[in-house]
Amino acid sequence: MTAPKATKPRTPKIRENLPAPQTDEGLYFHYTPYEAAKWAPFSGRKIAELIARRQIDYVFNGRDNYLTGAQILALVDRYTVKPFNKPARTAVAA
């Protein structure tokens with residue numbers, strides 16, 4: 001007797017011709033985590049994990065989780081490391 005055959009690997013559906021999140025249309029467009037990964041600093045799987053742990057903002061429509069373009073931009077801004085600028089030294093009054 002042989003073992004049952006493995007099922008097909010799950011590959012998430014990614015729609016084509018998506019608007020960029022920073023455009024007017026893209027700000028309110030709903031992206032799946034795997035579609036959002038194109039612009040976000042994380043993979044689609046990591047974004048889905050962050051949503052499951054409720055660590056990032058997302059949209060829930062009763063069945064699926066989505067991110068709007070504005071939420072993607074906020075996520076990018078949140079995890080962007082900004083350069084450190086040393087404050088200018090002020091002259092000490094004697």
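Residues numbered from 1 in each chain as written. Predicted model: local features only at pLDDT ≥ 70, side-chain atom pairs only at ≥ 80, totals over all residues. Heavy atoms only, no water.

**Student:** Is there a simple way to think about the nonpolar core in this case?
**Tutor:** In globular proteins that are soluble, nonpolar side chains generally tend to be buried together. The biggest cluster of nonpolar side chains holds eleven residues, and these are Leu 18, Tyr 31, Ala 36, Ala 40, Ile 47, Leu 50, Ile 51, Ile 56, Leu 67, Ile 72 and Leu 75. Elements with a minimum of two residues in this core: helix H2 (44-52) and helix H3 (69-78). Top contributing element to this core by residue count: H2, with three residues. (Core = buried A, V, L, I, M, F, W, Y, C linked by side-chain atoms within 4.5 Å. Buried < 20%, exposed > 50% of the residue type's maximum accessible area, 1.4 Å probe, protein only. Helix = DSSP H or I, 4+ residues; strand = E, 2+ residues; numbered from the N terminus.)

**Student:** I keep staring at H2 and nothing clicks. Help me out?
**Tutor:** A turn of α-helix holds 3.6 residues, and therefore any two residues three or four places apart point the same way. Buried within H2 are the following residues: Gly 44, Ile 47, Leu 50 and Ile 51. Projected down its long axis, H2 shows its buried positions confined to an angular sector of 120 degrees, all on one face. For H2, the exposed residues lying more than 90 degrees away from the buried face are Arg 45 and Ala 52. On its buried side, H2 packs onto helix H1 (33-36) and strand S3 (65-68). (Arc of directions from axis to C-beta. Contact = heavy atoms within 4.5 Å.)

**Student:** Sorry if this is basic, but what is going on with the sheet that holds S3 here?
**Tutor:** Strand pairing in a sheet takes place through backbone hydrogen bonds and is either antiparallel or parallel in direction. If you trace the three strands from one edge of the open sheet to the other, you get S1-S3-S2, paired in antiparallel fashion. Of all strands in the sheet, those bounded by a partner on one side alone are strand S1 (30-31) and strand S2 (59-60). Across two bridges, S1 lies against S3 in antiparallel orientation. Within S3, the position partnered with His 30 by the bridge is Thr 68. Sitting on the sheet, H3 touches S1, S2 and S3, and the angle it makes with S3 is about 75 degrees. (Pairing = 2+ DSSP bridges. Axes fitted to C-alpha atoms, helices over the stretch in contact; angles between N-to-C directions.)

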